[in-house]
Amino acid sequence: RGPPAERPSPLRCFLACFDADSLVPGGRMATSARKIVCEALSTNFRECTKIVTQSFAATPKPGHTYIRNIFCGINASDINFTAGIYQPGVQPPFDTGFEAIGRIAAVGAGVDKFKVGDPVAYTTYGAFAEQAQVDARTLVPLPRLMPEALTLPVSGLTASIALEKVGEVKKGDTVLVTAAAGATGSFAVQIAKQMGAHVIGTASSKEKCDMLKKLGCDRPVNYKEEDLFTVLKAEYPNGVDVVYESVGGKLFDASVNNLAVKGRLVVIGFMSGYQDGTGWTGTGKPQKPLPPKLLSKSASVRGFFLNNYAEEWKPHFKKLAMSLADGSLQGVVDPTKFEGLEGVADAIEYMYAGKNVGKVVVRIQADEQSKL
């Protein structure tokens, strides 16, 4: 089966029966719309951002489209971006947000693969906006406007590429996924299982551990009730072959201290140190040197940053979309509702409170053909 974008879509057939100007609100262009801009460098998203209004020209630039955003995705790195960490030297004000899905509201000259009303997904800086101008080459067509699509561009791609290209997971490996009930962690659990691995996943509640079991996790660990280091030493005396690590702090320490011979620890983030900045500056607490721990086991700690693997995006996105379409992968979306640009800060704080199960999504504005 091909991915949803390559098959005839009932929604596309339905839309083709109507003139573009008569489409539901998602197909109408706005001459002005609101967006969230960062006004001061800080990890406190609520305090450093502001909602402003921007104007749009009558038509997009050549090769570009206007997208009326319906849903946007929340990522742990949203506050790293407002702190200026991902763009050294950047000065406010600048746009925020990484990913959104919506409908094409207008097309510029030279755009022939899309038409007004088409549902699409995209990743670009400035996605926290009611309407955005986006290069048509970066758009991914969707069969319909579904929040689940937002699990793929950042969270799904990170898990898929990092496990294959950096973690080099192979059949029979033991794989540990930290923050396994989160947006990218829930993908990592499923993908590692599909690769033939035995999967351990950490989470902060019984409910999250129950969800991990449903995703195929072999050994959920509620780190609020069990000590991860103790569990790994007792139940996996030979160590773990691959760690998909996004938390940092104590979970990183427990992971690196339990690597197997030739084990690979893949750092995709260190969320516990984002808000207070300790992830970037260190805690000041003395730590045993890392090199001796790695040397004796021929083990390694490897970093992964999605932007460095752009050449892998399309093939992995296609594979993920096919798996999502045929049901072999689940894009887990947190059921908590957040509405409008005003809800973005609430959603980010909700995620950092550790309450989410899966991807946190904000509905920016209504669309008659999509429900959150």
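Preceding this paragraph is the structure being described.
In this text the structure is predicted, and so the values were computed from the model without any measurement.

A. Region of interest: helix H7 (residues 228–235). Of the positions making up H7, those classed as buried are Leu228, Val231 and Leu232. Buried residues of H7, viewed axially, fall in a sector of 95°; they line one side. Tucked into the core, H7 has its buried residues touching strand E9 (174–177), strand E10 (198–203), strand E11 (219–222), strand E12 (240–245) and helix H8 (249–256).

B. View of the pattern of salt bridges. By the definition in use, this model includes 20 salt bridges. Between Glu226 and Arg219 there is a salt bridge whose closest N-O contact spans 2.9 Å. By relative accessible area, Glu226 is classed as partly exposed at 29%. The structure contains a network of salt bridges with shared partners spanning Glu164, Lys165, Glu312 and Lys319.

C. Region of interest: unusual backbone geometry. Going from Pro92 to Pro93, the amide bond is cis rather than trans, its omega being 0°. With respect to the helices and strands, Pro93 occurs in the loop between helix H3 (78–82) and strand E4 (94–95). One non-glycine residue, Ala179, adopts positive backbone phi at about 50°. In this structure, Ala179 sits in the loop between E9 and helix H5 (183–194). Within the chain, Lys262 stands out as a residue other than glycine whose phi angle is a positive 65°. Relative to the helices and strands, Lys262 is located in strand E13 (residues 259–267).

Basis of the calculations
Residues numbered from 1 in each chain as written. Predicted model: local features only at pLDDT ≥ 70, side-chain atom pairs only at ≥ 80, totals over all residues. Heavy atoms only, no water. Buried < 20%, exposed > 50% of the residue type's maximum accessible area, 1.4 Å probe, protein only. Helix = DSSP H or I, 4+ residues; strand = E, 2+ residues; numbered from the N terminus. Arc of directions from axis to C-beta. Contact = heavy atoms within 4.5 Å. Salt bridge = Lys/Arg side-chain N within 4 Å of Asp/Glu carboxyl O.

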